[in-house]
Amino acid sequence: MVASCLVVGVGASSAYQTYTYSIGGFALYSPDAYTAQSPVIDSQYMGLEIPLNNPNGLVTDDLGNVYIADTGNNRIVCLDRYYRNPVIIDKFVNAQGVDDSLTAPEGLFVSKDRIWVCDTGAGRIVVFDRNGNFLKVIEAPESNLFGDSKLYSPVAMAVDQYNRIFVVSSTTYQGIIVMTEDGVFNGFIGAQAVTLSVWETIWRRFRTDEQKEQQSEVVSTEFNNIAIDKDGFIYVTTSTIGEGSVSSAIQGKSKDGKYMPVKMLNTNGDEIMKRNGFWPPAGEVDYNTSTRDKGKSPIGVSTVIDVAVGEENTWSIIDSKRQRIYTYDSNGNLLFAFGDIGTMLGNLTGVEAVTYQDDKMLVLDKTSLSITVFKRTEYGDVLIEAIAAQNDQDYVKAIELWTEVLKRNSNFDTAYIGIGQSMFRNGHYEESLEQFEAAYDTTNWSTSFQEIRRELMSKYFLLLVVGIVAIIAAFYFISKKITDINTKYTHSGGKRTFLSELTYGFYVMLHPFDGFWDLKHEKRGSPRSGFLILLAT
């Protein structure tokens, strides 16, 4: 198992081992893409008079300022980019002129001019400007689509460039709630798939009407977190899909998101995530499934509880079961995974949220009530630069940078694929085959080989047509000549030459009925011509 192997591979000076996965599902160790910075950012470092209490949400803004949903203290903590000078948002005067306050806020989102707070305990969203001044309250949406349960508990949210609001409610199973900036309900998107066991499926087919009325309805599972990228595409996570379904999807290398713990949606709710890597993006791939080994490493698939979007369409998820972060590119390739349970610098004990701050990754630990800052290494910088060059279609530069990545990490199959794709885009199809072979990437290899065949057909098509015509013409001429020779000797009755005997064999192939008639009744053919044909073949 990977978890137990990683413990062996970690030295005394390192709190965790960074790795990726091979096509066979084995861990391939790699250089650290991020390293933990000292000190850990705790309440004292932040300058908080009242320490953090049960923090849940963590986000940053375009200036690098940091925001924490301090749920247990009913407040939002706003820090500068250096994690100091706290500004507290907790009490405000609402639109009716009445003193009001936040109640157990769990999530928040910061746009270019607003701070949007999921006031979970009060079942509403409260909006402030970037200075912490109250703007408005968005109450629970109203619609018959919510069904019998009217309970609304927003725990996470995102806002796109058009100020459309996407809300995750922990008590809503119909999907992501979509509202206008004024709180007008627009509908649900991205409802989760319902999972039923084989027995439940069979049982539901044979229920009586009375049993149908008495049995509760099977509903979709709810999401637990959300993020949005600069193009308005939405990333959502869930940890309530049955582990068996998730495990089957991982081991089956599923390309769709039906049973995946992280999804990418467009604004219509369509699942559009690319899963072109060796393994679908779902966290851990090689995991324990037996309770006998539970003392060695966590059992089962990853428990994904948050997602964050980074540079160049990269994105990260966190696994609360293993205290680990997994980072992927836009094609679903695992770029690196790192993190572990422990007390050393870089270890985590109660990972709760993750966000990006320029070249840093911030991870909120709910147990230690602190933020660990992971700074991108030189290896991580080169990796991001290679992805950026490929996204910018600067394929010459991309090849150079991917080569630099391989100098630092020869185990990194995605680098071979990146070089191969860049060569492919530059029209160097034959050279790209070698790179795809090194990564065991059969899909891209087939695409390159198809282009090679297309080039060959384009280059030699006219010659091929001429050759076919020539072969047909030669065949016609030879068959006609053979027929003429045999007809001549059949009607002349003269002495048969060796040439006539030899061509008779080809005459039989071209005219089997007449040939065998002549062979039987006219005594055509000869042992010497047959022996020569036998030697030739």
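Located above this text is the structure these notes cover.
Residues numbered from 1 in each chain as written. Predicted model: local features only at pLDDT ≥ 70, side-chain atom pairs only at ≥ 80, totals over all residues. Heavy atoms only, no water.

**Q** If you had to explain the layout of surface pockets to someone new, which residues and values would you point to?
**A** In this model, the largest pocket occupies a volume close to 1300 Å³. Taken together, 49 residues form the lining of the largest pocket, with T60, F109, V110, I228 and T355 sitting closest to its centre. If you list the elements that add at least two residues to the lining of the largest pocket, you get β5 (55-60), β11 (107-110), β15 (154-159), β19 (225-228), β22 (304-309) and β26 (351-357). A per-element tally of the lining of the largest pocket places β26 first, with 6 residues. Here the residues of the lining of the largest pocket sort into 19 nonpolar, 15 polar and 15 charged. Its boundaries defined by the atoms lining it, the second largest pocket holds a volume of some 1000 Å³. Lining of the second largest pocket is provided by 45 residues; of these, N276, N331, N333, I417 and Q421 occupy positions nearest its centre. Taken together, the elements giving at least two residues each to the lining of the second largest pocket come down to β1 (19-21), α6 (378-391), α7 (395-408), α8 (413-425) and α10 (442-492). (1 Å grid on protein atoms, 1.4 Å probe; cavity = no way out; pocket = protein on both sides within 12 Å on 5 of 7 lines; lining within 4 Å. Points joined across faces, edges and corners; volume = space filled by probe spheres on them. Helix = DSSP H or I, 4+ residues; strand = E, 2+ residues; numbered from the N terminus. Nonpolar A, V, L, I, M, F, W, Y, C, P; charged D, E, K, R; others polar.)

**Q** Help me get a handle on helix α5 (residues 243-251), residues and values and all.
**A** Every buried residue of α5 is accounted for by V246, S247, A249 and I250. Down the axis of α5, the buried set is contained in an arc of 160 degrees. They therefore lie on one face. Just downstream of α5, K253 is the residue with a positive phi angle, here 50 degrees. (Buried < 20%, exposed > 50% of the residue type's maximum accessible area, 1.4 Å probe, protein only. Arc of directions from axis to C-beta.)

**Q** Describe the packing of α6 against α7, naming the residues involved and giving the relevant values.
**A** For any two helices packed against each other, the geometry is given by the interaxial angle and the distance between the axes. Orientation of α6 relative to α7, taken along the N-to-C sense of each, is 155 degrees, at an axis distance of 8 Å. As summarised for this structure, α6 and α7 are arranged roughly antiparallel, according to the angle between their axes. The way α6 lies across α7 gives a crossing that is left-handed. Contacts from E378, Y379, V382, L383, E385, A386, I387, A389 and Q390 of α6 reach α7 at Y395, K397, A398, L401, W402, E404, V405 and R408. Of the residues contributing to the contact of α6 with α7, the split by class is 11 nonpolar, 1 polar and 5 charged. (Axes fitted to C-alpha atoms, helices over the stretch in contact; angles between N-to-C directions. Parallel < 35°, antiparallel > 145°, perpendicular 65-115°, else oblique. Left-handed = near helix turned anticlockwise from the far one by under 90°. Contact = heavy atoms within 4.5 Å.)

**Q** Can you lay out the packing of aromatic side chains for me, pointing to particular residues and giving the numbers?
**A** Under the counting rule described, the total for this entry stands at 16 aromatic pairs. When the centroid spacing of 5.3 Å and the interplanar angle of 40 degrees are considered together, the rings of Y16 and F338 count as tilted. Placement of the pair is Y16 in the loop between α1 (2-9) and β1 and F338 in strand β25 (residues 334-338), with a sequence separation of 322 residues. Exposure remark for F338: the relative accessible area of 0% places this residue in the buried category. (Phe/Tyr/Trp six-rings, centres within 6.5 Å; stacked < 30°, edge-to-face > 60°.)

**Q** So what's going on with the nonpolar core? Which residues, and what values?
**A** With 64 residues, the main nonpolar core has M361 and W402 as its most contacted residues. Examining the composition of this core, we find that 6 residues originate from one element, α6, more than from any other. Not counting residues up to four positions away in its chain, the partners in contact with M361 are Y34, S316, I325, T327, F338, V354, T355, Y356, T372, V373 and F374. Judged by nonpolar contacts, the second largest core, of 28 residues, contains F109, W116, M179 and F223. (Core = buried A, V, L, I, M, F, W, Y, C linked by side-chain atoms within 4.5 Å.)

**Q** Just give me the short version of the sheet that holds strand β7 (residues 75-79), but keep the residues and values in it.
**A** Pairing is antiparallel in the open sheet, where 4 strands are placed in the order β5-β6-β7-β8. Each edge of the sheet is formed by a strand with only one pairing partner; in this case those strands are β5 and β8 (87-89). In this sheet, adjacent strand axes meet at a mean angle of 20 degrees when their direction is disregarded. Bridge count for strand β6 (residues 66-70) against β7 is 5 bridges, and the pairing is antiparallel. Across the sheet, the residue bridging to Y67 is C78, located in β7. (Pairing = 2+ DSSP bridges.)

**Q** Residue-level account of the pairing of β6, with values.
**A** Residues in a regular strand project their side chains so that they alternate between the two faces of the sheet. Among the 5 residues that make up β6, 5 are buried, leaving the element largely enclosed by the rest of the structure. Residues of β6 alternate between two faces, with V66, I68 and D70 on one and Y67 and A69 on the opposite face, all of them buried. Alignment of β5 against β6, held across 5 bridges, turns out to be antiparallel. Pairing of P55 across the sheet is with D70, part of β6. Hairpin connection of β5 to β6: 5 residues between the antiparallel strands, including G64 at a positive phi of 90 degrees. Here β6 folds back onto β7 in antiparallel fashion, the turn holding 4 residues, of which N74 has a positive phi close to 55 degrees.

**Q** Got a sec to walk through unusual backbone geometry? Specific residues and values, please.
**A** Between S38 and P39 the backbone carries a cis peptide bond, its omega angle lying at 5 degrees. With respect to the element layout, P39 can be found in the loop between β3 (34-36) and β4 (41-42). Phi angles above zero are rare outside glycine, and E312 is one such case at about 55 degrees. Among the structural elements, E312 can be located in the loop between β22 and β23 (315-319). Of the residues examined, E312 reaches a relative accessible area of 27% and is grouped as partly exposed. The backbone of N313 sits at a positive phi, close to 65 degrees, despite the residue not being glycine. For N313, the position within the fold is in the loop between β22 and β23.

**Q** Residue-level account of the packing of α7 against α8, with values.
**A** Between α7 and α8, the shortest axis-to-axis distance is 9 Å and the interhelical angle comes to 160 degrees. As the angle between them shows, α7 and α8 are arranged roughly antiparallel. Seen along the crossing, α7 lies across α8 with a hand that is left-handed. Across the interface between the two elements, Y395, A398, I399, W402, T403, V405 and L406 from α7 touch T414, A415, Y416, G418, I419, S422, M423 and R425 from α8. Taken together, the residues of the contact of α7 with α8 sort by class into 10 nonpolar, 4 polar and 1 charged.

**Q** Explain empty space enclosed by the protein to me, using residue names and the numbers behind them.
**A** For the coordinates displayed, the defined rule picks out 1 cavity of 30 Å³ or more. Approximately 80 Å³ is the volume attributed to the largest cavity. Together, 13 residues line the largest cavity, and Y34, T314, F336, R376 and I384 are the ones closest to its centre. When residues in the lining of the largest cavity are grouped by element, the largest group, 3 residues, is from α6. By residue class, the composition of the lining of the largest cavity is 7 nonpolar, 3 polar and 3 charged.

**Q** Tell me about the pattern of salt bridges, and please be specific about residues and values.
**A** Under the definition given, this model contains 23 salt bridges. One salt bridge connects D70 with R75, and the closest N-O pair in it is separated by 2.6 Å. Assessed through its relative accessible area of 6%, R75 is described here as buried. Put simply, E451 and R454 hold a salt bridge, and the shortest N to O gap is 2.6 Å. With a gap of 3 residues between them, E451 and R454 both fall in helix α10, about one helical turn apart. The network of salt bridges with common partners includes E378, E404, K407 and R408. (Salt bridge = Lys/Arg side-chain N within 4 Å of Asp/Glu carboxyl O.)

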